[in-house]
Amino acid sequence: MEISSKKVGNVLIMGIKGRLDALTSSELESEMCRRIEDGETKIVFDLGDLEYISSAGLRAILFCAKKLKATDGTIAFANITGMISEVFEISGFGTMFNIYNSALSAAEKIS
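What counts and how
Residues numbered from 1 in each chain as written. Predicted model: local features only at pLDDT ≥ 70, side-chain atom pairs only at ≥ 80, totals over all residues. Heavy atoms only, no water. Helix = DSSP H or I, 4+ residues; strand = E, 2+ residues; numbered from the N terminus. Polar contact = N/O pair within 3.5 Å; in protein donor to acceptor, adjacent residues only side chain to side chain. Contact = heavy atoms within 4.5 Å. Salt bridge = Lys/Arg side-chain N within 4 Å of Asp/Glu carboxyl O. Buried < 20%, exposed > 50% of the residue type's maximum accessible area, 1.4 Å probe, protein only. Axes fitted to C-alpha atoms, helices over the stretch in contact; angles between N-to-C directions. Parallel < 35°, antiparallel > 145°, perpendicular 65-115°, else oblique. Nonpolar A, V, L, I, M, F, W, Y, C, P; charged D, E, K, R; others polar.

K.L.:
Tell me what's going on with the side chain of Glu40, and back it up with residues and numbers.
P.N.:
Tracing the backbone shows Glu40 in the loop between α1 (25–37) and β3 (42–46). Here Lys7 takes part through its side chain, which lies 2.9 Å from a polar atom of the side chain of Glu40. For Glu40, the residues in contact, after removing those within four places along its chain, are Lys7, Leu12, Arg35 and Leu68.

As structure tokens, then:
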């Protein structure tokens, strides 16, 4: 898994590429904790390059969302397609979180 990031205004866009599973979920959790501790409160996950997500990956996302909520932060998701979209719908994440077609439109909505 690779994590990239860029700022658009006051929103941090984090791209996740590859697989988010039991082997990589702790890396995402650590990165998110660091970002939140650094003061980030508005985060968009761009999942356009995510190839696979397991239940451990879903738990990592939920962990990040709870950490962000504790700081009155906002989280959104973008570019969810294919199998990732199906997993989000089956797991109920599709109704729990705001999902947008692009990272830029998500950043505009939550800024």
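K.L.:
With reference to specific residues and values, describe the pattern of salt bridges.
P.N.:
The final tally for this structure, using the stated rule, is five salt bridges. The closest approach of N and O atoms between Arg34 and Glu31, which form a salt bridge, is 2.9 Å. On the criterion of helical spacing, the pair formed by Arg34 and Glu31 is a turn pair, its members being three residues apart in helix α1. Judged by relative accessible area, which is 38%, Arg34 ranks as partly exposed. Here Asp38 makes a salt bridge to Arg34, at a shortest N to O gap of 3.4 Å. Taking the relative accessible area as the measure of exposure, Asp38 reaches 55% and is therefore exposed.

K.L.:
Before we move on, could you go through the packing of α1 against helix α2 (residues 55–70) and cite the residues and values that matter?
P.N.:
Taken N-terminus to C-terminus, the directions of α1 and α2 make an angle of 10 degrees; their axes are 9 Å apart at the nearest point. Between α1 and α2, the angle falls in the class roughly parallel. Contacts between α1 and α2 involve Ser25, Leu28, Glu29, Met32, Cys33 and Ile36 from the former and Ala56, Gly57, Ala60, Ile61, Phe63, Cys64, Lys67 and Leu68 from the latter. Class assignment for the residues of the contact of α1 with α2 results in ten nonpolar, two polar and two charged.

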